[in-house]
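Close look at the chain arrangement
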Amino acid sequence: MKRAVVKPVKSPFDIDCNDIASDKSISHRCAMFSLLSSGVNRIENFLRAEDTLASLNIAKSLGAKVKDNGSYIEITAPQELKEPDDVLDCGNAGTAMRLYCGLLSGIDGSFVLTGDKYLRSRPMNRVAKPLRSIGAKIDGREFGNKAPLHIRGGKLKAFEYESPIDSAQVKSAMILSALQADGISRYKENLLSRDHTERMLKGMGAEIVTNSDGWIEIKPLTKPLSPLDIRVPSDPSSGFFFAVASAIIPGSKVKISAVTLNPTRVEAYKVLQNMGADIEFVEKENIYEPIGDIYIKGVDKLKAVEVSQNIAWLIDELPALSIAMAVAEGRSVVKNAKELRVKESDRISSVVNSLKACGIEVEEFEDGYAIRGGKFKRATINSYGDHRVAMSFAIAGLLSGMEIEDIECIDTSFPNFFEILSQITEIEL
Ligand code: S3P
């Protein structure tokens, strides 16, 4: 088990983060959507981290040819996806498992999706149930809710489905199944969750329309999609750790370059702005997504905030946001965030226990927590196998020093995290 000791920062810093990890959600989709295309998909800046390499390896097991040209990869799909001769390992990646469930449900063959011990304990019925209702044959442990999952792919019926949860993973799984169904399907969620799937598939020629009442209409594919030609932007969820770093160290400045500015992805920066941080967004181009730079400046004092809306837009950033809340003036509250309990760890209890260990006053609710801003003290924090918990408390270490145990999980999404952090402070690895 690897550990890291982060030393307190000595003075305000000013860094230009132009090597933030590539976007994880978009990279997963590049690997998967290439399978639905004919021709050569050219993907620059694909995220080479454990989660997304798992998706790419699965694409290879299904027959895709992948050529690595260093700065970009080329993916060529087979004419027909092949039945793999082994299990498909999603590692720690919920996105890989849930989206492949949707994609493989409509493909002839037998597929077994598995993952690490954390992923095998996460609920899969949120995709398996709606998929079963349209004819998919999916089984697994605990009455089909837990991986390993077995999928016997076959014919799927068109559907109309109003999702009880705002989840891009559920939406994407259903859209991928709808592309193979026997008619036009309709999908609706309460709050638009991250919409990379719709944007990218439309860009590849899929007939997907989002109506003004929120219903998404998906026509089945009649021919393969056009190949992708994309440079994956940087991941705003990864960049957010450094946004919080500068927000909590008065006088510090950070520039996060070439990041997706998709509104479903930058909400946490807006919350940090409401807390008083000085934040500017500069849009530069639009390729499938708006892309640009984010500038963050730390101020003398952050103020407390209440967060109970747009939770799907904040779900990955709430652990890092909790660090800013823990130094803000007043009592911050997070509500309606029960989904945090089924992420890479139960993030409500991981955040609450870890903040308590650092001497911060926290109250736990079933669907969130309240944090009274105070002063961090150095502690030894376990990551709970959750990359975002590990990185959040490494950032808190800038204030008081911190020891983080079990840091291997950081490689699932942000392998060069400590390299960037070492531009700000001393780290013992
Ligand atoms: C993701 C969607 C989100 C997010 C996850 C990546 C995606 O999960 O937490 O890290 O790429 O679709 P949910 O859709 O389950 O909320």
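Residues numbered from 1 in each chain as written. Predicted model: local features only at pLDDT ≥ 70, side-chain atom pairs only at ≥ 80, totals over all residues. Heavy atoms only, no water.

Some points on helix H2 (residues 50-61)
Across its 12 residues, H2 extends 16 Å between first and last C-alpha, which sits within 8% of the 16 Å expected from 1.5 Å per residue. Taken together, the buried positions of H2 are occupied by Asp 51, Thr 52, Ala 54, Ser 55, Leu 56, Ile 58 and Ala 59. Structurally, H2 contributes buried residues whose contacts are with helix H1 (24-33), strand S4 (65-68), strand S5 (72-76), strand S6 (88-89) and helix H3 (94-105). (Helix = DSSP H or I, 4+ residues; strand = E, 2+ residues; numbered from the N terminus. Expected span 1.5 Å × (residues − 1). Buried < 20%, exposed > 50% of the residue type's maximum accessible area, 1.4 Å probe, protein only. Contact = heavy atoms within 4.5 Å.)

Remarks on the site of the ligand
With respect to spatial proximity, the complete set of residues near the ligand consists of Ser 25, Arg 29, Thr 95, Ser 167, Ala 168, Gln 169, Arg 194, Ile 315, Asp 316 and Lys 343. A distance of 2.9 Å separates an oxygen atom of the ligand from a polar side-chain atom of Ser 167. Within the side chain of Asp 316, an N or O atom sits 2.7 Å from an oxygen atom of the ligand. Contact with the protein chains removes 95% of the 390 Å² of surface that the ligand exposes when unbound. Mapped by element, the contributors of at least two residues to the shell around the ligand are H1 and helix H6 (168-178). A per-class count over the shell around the ligand returns 2 nonpolar, 4 polar and 4 charged. (Near = heavy atom within 4 Å. Polar contact = N/O pair within 3.5 Å; in protein donor to acceptor, adjacent residues only side chain to side chain. Areas by Shrake-Rupley, 256 points an atom, 1.4 Å probe, with all protein chains shown as cover. Nonpolar A, V, L, I, M, F, W, Y, C, P; charged D, E, K, R; others polar.)

Quick notes on the domain arrangement of the protein chain
For the protein chain, the domain assignment lists domain 1 (3-18 + 233-428) and domain 2 (24-231). The distance between the C-alpha centroids of domain 1 and domain 2 comes to 29 Å. For the pair domain 1 and domain 2, the summed buried area comes to about 2500 Å², and 50% of that belongs to carbon and sulfur atoms. Sorting the residues of domain 1 by area buried against domain 2 places Tyr 288, Glu 344 and Thr 412 first, and these three jointly supply 28% of that buried surface. Taken together, domain 1 and domain 2 are joined by 2 salt bridges. Between Asp 316 and Arg 194 there is a salt bridge, and its shortest N-O distance comes to 2.9 Å. (Domains from an automatic or database assignment. Buried area = accessible area lost by both parts, 1.4 Å probe. Salt bridge = Lys/Arg side-chain N within 4 Å of Asp/Glu carboxyl O.)

Thoughts on the environment of Tyr 369
Among the secondary structure elements, Tyr 369 is positioned in strand S21 (residues 368-372). Take Tyr 369: its relative accessible area is 1%, and that puts it in the buried class. Along the primary structure Tyr 369 and Ser 400 are separated by 31 residues, whereas in three dimensions their C-alpha atoms are 22 Å apart. Setting aside its immediate chain neighbours within four residues, Tyr 369 contacts Leu 318, Ser 322, Ser 332, Val 333, Val 334, Leu 340, Ile 348, Val 351, Val 352, Val 362 and Glu 363.

Overview of the state of the cysteines
If you walk through the whole model with that rule in mind, you get 0 disulfides. You can see Cys 17 has no disulfide; the closest cysteine sulfur is in Cys 409, sitting 20 Å from it. Cysteine Cys 358 shares no disulfide, and the gap to the nearest cysteine sulfur, in Cys 409, comes to 16 Å. Judged by its relative accessible area of 0%, Cys 358 falls in the buried class. (Disulfide = S-S within 2.5 Å.)

A closer look at the pairing of strand S19 (residues 331-334)
The pairing of strand S18 (residues 306-307) with S19 spans 2 bridges and is classified as parallel. Opposite Val 307, over in S19, you have Val 334 as the bridge partner. Pairing between S19 and S21: 4 bridges, direction antiparallel. Looking at S21, one finds that Val 334 is bridged to Tyr 369. (Pairing = 2+ DSSP bridges.)

Let's talk about the sheet that holds strand S13 (residues 216-218)
With mixed pairing, 4 strands are arranged side by side in an open sheet as S10-S11-S13-S12. The strands lining the two open edges of the sheet, one partner per strand, are strand S10 (160-162) and strand S12 (208-210). Neighbouring strand axes in the sheet, compared pairwise and without regard to direction, differ in orientation by 15 degrees on average. (Axes fitted to C-alpha atoms, helices over the stretch in contact; angles between N-to-C directions.)

Brief notes about a negative patch on the surface
A contiguous patch of negative charge, built from Asp 14, Asp 16, Asp 19 and Glu 419, is present on the exposed surface. Following the sequence through the fold, Glu 419 ends up in helix H13 (residues 417-421). We classify Glu 419 as exposed; its relative accessible area is 55%. (Patch = residues over 30% accessible without salt bridge, like charges linked within 9 Å, V, L, I, M, F, W, Y side chains within 5 Å. Lys, Arg positive; Asp, Glu negative; His and termini not counted. Charge placed at Lys NZ, Arg CZ, Asp CG, Glu CD.)

Notes on unusual backbone geometry
A cis amide bond links Ala 147 with the next residue in sequence, Pro 148, at an omega value of 0 degrees. For Pro 148, the position within the fold is in strand S9 (residues 146-153). Even without being a glycine, Glu 142 presents a positive backbone phi close to 50 degrees. Secondary-structure assignment places Glu 142 in helix H5 (residues 141-144). On the basis of relative accessibility, which here comes to 48%, the residue Glu 142 falls in the partly exposed class.

Focus: the packing of helix H8 (residues 236-248) against helix H10 (residues 318-325)
Look at H8 against H10: their axes get within 9 Å of each other, and the N-to-C directions meet at 0 degrees. Overall, the two elements H8 and H10 adopt an arrangement that is roughly parallel. Between H8 and H10, the contacting residues are Phe 240, Phe 241, Val 244 and Ile 248 on the first element and Ala 320, Leu 321, Ile 323 and Ala 324 on the second. Of the residues assigned to the contact of H8 with H10, the class counts are 8 nonpolar, no polar and no charged. (Parallel < 35°, antiparallel > 145°, perpendicular 65-115°, else oblique.)

Thoughts on the packing of aromatic side chains
Overall, the coordinates contain 8 aromatic pairs when judged by the stated rule. On the basis of an interplanar angle of 45 degrees and a centroid distance of 5.5 Å, the ring pair of Phe 242 and Phe 417 is categorised as tilted. Highlighted residues: Phe 242 in helix H8 and Phe 417 in helix H13, separated in sequence by 175 residues. Residues Phe 242 and Phe 417 agree in their burial class; the two are buried. With centroids separated by 5.6 Å and ring planes inclined at 70 degrees, the aromatic side chains of Phe 414 and Phe 417 adopt a geometry described as edge-to-face. Every member of this aromatic cluster is reached through a ring pair, and the members are Phe 241, Phe 242, Phe 414, Phe 417 and Phe 418. Lying across the ring of Trp 215, Arg 186 places its NZ or CZ 4.6 Å from the centre. Here the basic side chain of Lys 335 rests over the ring of Phe 365, its NZ or CZ set 4.8 Å away from the ring centre. (Phe/Tyr/Trp six-rings, centres within 6.5 Å; stacked < 30°, edge-to-face > 60°. Lys NZ or Arg CZ within 6 Å of the ring centre and 35° of its normal.)

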